Amino acid sequence: QLVESGGGLAQAGGSLRLSCAASGSILSNDIMGWYRQAPEKERELVADVTSGGIRDYADSVKGRFTISRHNAKNTVDLQMSSLEPEDTALYYCNVRRRASPRGSGSWGQGTQVTVSS
C-alpha cells in the first residue's frame, strides 16, 4: 500500500513537496519513484531512486526536483522547486522490484499538483 501526501496549488516559480509512505511487501532493494500524468497525456516517469541512492530524473525536471528516500521508513519524497505550469499533473508514487521494468509495480492513488502562471 502506498499513501501519498502533499501536492496542491502553487504559483509558477514556487515549491511543493510530495511524500509517500509504503507498507506491505516492500523489499529493501525495491526502487521507489514518482510518475505523473497530465490530462490527455501518458503517464511519465518524474524521478526514481534505488535503495543505494542512485537517482534518475526526467530531463524536464532536472535541476528543479529532488527525490529522496528513507530506507528504514520506506518513504520517498519529491521536493519540487521552480514549478512551471507544465508541471501540472496527477502525481503517483510507485514501488517496483529492481528487476521489473519502469511503469510496473505498485501505485498510490495519486495526488494533484496544479501550478498557475
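As a reminder, the structure under discussion sits directly above these lines.
Our subject in this report is the structure included herewith. (Residues numbered from 1 in each chain as written. Predicted model: local features only at pLDDT ≥ 70, side-chain atom pairs only at ≥ 80, totals over all residues. Heavy atoms only, no water.)

**Here's the deal with the packing of aromatic side chains**
Operational definition: Here the aromatic set is Phe, Tyr and Trp, taking the six-membered ring for Trp, and pairing holds for ring centres within 6.5 Å; pairs whose planes are under 30 degrees apart are stacked, those over 60 apart are edge-to-face, and all others are tilted. Secondary structure counts use DSSP, requiring at least four H or I residues in a row for a helix and at least two E residues in a row for a strand, with both numbered from the N terminus. Burial status follows relative accessibility: with a 1.4 Å probe on protein chains alone, a residue under 20% of its type maximum counts as buried, one over 50% as exposed, and anything between as partly exposed. Our definition puts a charge over a ring when NZ of Lys or CZ of Arg is within 6 Å of the ring centre and also within 35 degrees of the ring normal.
Under the defined criterion, the tally for this structure stands at two aromatic pairs. When the centroid spacing of 4.9 Å and the interplanar angle of 70° are considered together, the rings of Tyr35 and Trp107 count as edge-to-face. Residue Tyr35 is located in strand 4 (residues 31-37), and its partner Trp107 is located in strand 10 (residues 106-107); the two are separated by 72 residues in the primary sequence. Plain terms: the ring middles of Tyr92 and Trp107 are 6.3 Å apart, the flat faces sit at 90° to each other, and that makes the pair edge-to-face. In this pair, Tyr92 is assigned in strand 9 (residues 89-96) and Trp107 in strand 10, connecting sequence segments 15 residues apart. For Tyr92, a relative accessible area of 11% gives the class buried. The cationic tip of Arg43 hangs over the ring face of Tyr92; the distance from NZ or CZ to the ring centre is 3.9 Å. Between Arg43 and the ring centre of Trp107, over which it is positioned, the NZ or CZ distance is 4.3 Å.

**Details of the sheet that holds strand 1 (residues 2-6)**
Formally: Following DSSP output, two strands are said to pair if at least two bridges run between them. In this description, a line fitted to the C-alpha atoms serves as the axis of each element, helices being fitted only across the stretch in contact, and the angle between N-to-C directions of two axes falls anywhere from 0 to 180 degrees.
Spatially, the four strands line up as an open sheet ordered 1-3-8-7, and their pairing is antiparallel. At either end of the open sheet lies a strand with only one pairing partner, and these are strand 1 and strand 7 (65-70). Taking each pair of neighbouring strands and ignoring which way they run, the sheet shows an average axis angle of 15°. Bridge count between strand 3 (residues 16-22) and strand 8 (residues 75-80): six bridges; the pairing is antiparallel.

**A look at the nonpolar core**
Cut-off, in case you're wondering: Here, the term nonpolar core denotes a set of buried Ala, Val, Leu, Ile, Met, Phe, Trp, Tyr and Cys residues that are joined through side-chain atoms within 4.5 Å. Residue contacts are defined here by distance: any two heavy atoms, one from each residue, within 4.5 Å place the two residues in contact.
Counting 27 residues, the largest nonpolar core has Trp34, Leu78, Met80 and Tyr91 as its most contacted members. If we ignore the near neighbours within four places in the chain, the residues touching Met80 are Gly14, Ser15, Leu16, Leu18, Arg64, Phe65, Tyr91 and Val113.

**Here we look at the state of the cysteines**
What counts is decided by this rule: The disulfide criterion is simple: two cysteine sulfur atoms within 2.5 Å.
Taken as a whole, this structure holds one disulfide when the rule is applied. Across the disulfide from Cys20 sits Cys93; the S-S distance is 2.1 Å. Judged by the torsion about the S-S bond (-85°), the Cys20/Cys93 disulfide is left-handed. Placement of the pair is Cys20 in strand 3 and Cys93 in strand 9, with a sequence separation of 73 residues. A relative accessible area of 2% places Cys20 in the buried class.

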